[in-house]
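Each chain, letter by letter, is given below.
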Amino acid sequence: DAGITQSPRHKVTETGTPVTLRCHQTENHRYMYWYRQDPGHGLRLIHYSYGVKDTDKGEVSDGYSVSRSKTEDFLLTLESATSSQTSVYFCAISEQLNTEAFFGQGTRLTVV
Amino acid sequence: QKEVEQDPGPLSVPEGAIVSLNCTYSNSAFQYFMWYRQYSRKGPELLMYTYSSGNKEDGRFTAQVDKSSKYISLFIRDSQPSDSATYLCAMSEAGGYQKVTFGIGTKLQVIP
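Residues numbered from 1 in each chain as written. Chains lettered and ligands numbered in written order. Predicted model: local features only at pLDDT ≥ 70, side-chain atom pairs only at ≥ 80, totals over all residues. Heavy atoms only, no water.

### Considering the layout of surface pockets
If you add up the space inside the largest pocket, you get close to 750 Å³. Only strand E4 (31-38), strand E9 (87-94) and strand E11 (107-111) of chain A together with strand E9 (85-93) and strand E11 (106-111) of chain B provide two or more residues apiece to the lining of the largest pocket. In terms of residues, the lining of the largest pocket owes the most to one element, E11(B), which gives four residues. (1 Å grid on protein atoms, 1.4 Å probe; cavity = no way out; pocket = protein on both sides within 12 Å on 5 of 7 lines; lining within 4 Å. Points joined across faces, edges and corners; volume = space filled by probe spheres on them. Helix = DSSP H or I, 4+ residues; strand = E, 2+ residues; numbered from the N terminus.)

Structural data, given as structure tokens:
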């Protein structure tokens, strides 16, 4: 398995609270991604990073921010969680942009 | 119309059967085609990766791309109960500057 660790694996939080999800890789891949997976929608890109401090928005970025201060770490923050952000979040890494990627095990987030 | 269409199933087959999983797409600029396998409550795992048209074989798995029909397939020979999972197709344009687009996944059950 590619060395990708997501934490936490499960989280329940209240509406309006900030939440940070962490992705840590040991593969030294340049590109890192955050996706959310919802029934009927497949995987949708939230944000991605192409290097330290270099990030860009994906198709469903509203309400989310990211940071990458080190090659190995990519953080996803929900500034003020809403029930519509209840989802399974996956981190992924790749050597080249938008080609084959390796995924983490996911974080199941419930906003109540 | 979605950019990538995939029948969600579920698809149930007996052990040993040949399984055919398919996706259609509308964007003629797609050049990279990927198949992922996702077990329940796990992250997607890259199975096959092809560029442009043609076939690619890896063990019991064969990926086919027909760009003229905008149709890709994944064949699984001698299917096993351990193949029971959701299979996601994914594709992206050459150059990497456009995001990867995922299908919603087909749930496969191989019955012993």
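After that view, the rundown keeps rolling.
### Topic: the environment of Thr110(A)
Residue and element names in this part refer to chain A. Within the element layout of this structure, Thr110 appears in strand E11. On the basis of relative accessibility, which here comes to 29%, the residue Thr110 falls in the partly exposed class. Between the C-alpha atoms of Thr110 and Asn28, which are 82 residues apart in sequence, the distance is 30 Å. For Thr110, the residues in contact, after removing those within four places along its chain, are Lys11, Val12, Thr13 and Thr86. (Buried < 20%, exposed > 50% of the residue type's maximum accessible area, 1.4 Å probe, protein only. Contact = heavy atoms within 4.5 Å.)

### Some words on the sheet that holds strand E3 (residues 19-25) of chain A
Residues and elements named next belong to chain A. The strand order E1-E3-E8-E7 describes an open sheet built from four strands, whose pairing is antiparallel. Every other strand in the sheet has two partners, leaving strand E1 (4-7) and strand E7 (64-70) as the edge strands with one partner each. Strand after strand, the sheet turns through a mean of 20 degrees between neighbouring axes, direction not considered. Where E1 and E3 come together, four bridges link them in antiparallel fashion. Across the sheet, the residue bridging to Ile4 is Gln25, located in E3. (Pairing = 2+ DSSP bridges. Axes fitted to C-alpha atoms, helices over the stretch in contact; angles between N-to-C directions.)

### Side note on the environment of Cys91(A)
Looking at where Cys91(A) falls in the secondary structure, it is placed in strand E9. Cys91(A) sits twelve residues away from Phe103(A) along the chain, and the two C-alpha atoms are 5.8 Å apart.

### Some points on the nonpolar core
Core analysis: the largest hydrophobic core is formed by 23 residues, its most contacted members being Trp35(B), Ile72(B), Leu74(B), Tyr87(B) and Met91(B). Every element with two or more residues in this core is listed here: strand E3 (19-25), strand E4 (30-38), strand E5 (45-51), strand E7 (61-66), strand E8 (71-76), E9 and E11 of chain B. (Core = buried A, V, L, I, M, F, W, Y, C linked by side-chain atoms within 4.5 Å.)

### Comments concerning the interface of chain B and chain A
On the side of chain A, 19 residues touch chain B, which itself brings 21 residues to the contact. With both chains or domains summed, chain B and chain A bury close to 1,700 Å², and 56% of this area falls on carbon and sulfur atoms. A per-residue breakdown of the area chain B buries against chain A is headed by Arg41(B), Lys99(B) and Phe102(B), which together make up 28% of the total. The interface formed by chain B and chain A includes one salt bridge. A salt bridge links Glu59(A) to Lys99(B); its shortest N-O distance comes to 4.0 Å. (Buried area = accessible area lost by both parts, 1.4 Å probe. Salt bridge = Lys/Arg side-chain N within 4 Å of Asp/Glu carboxyl O.)

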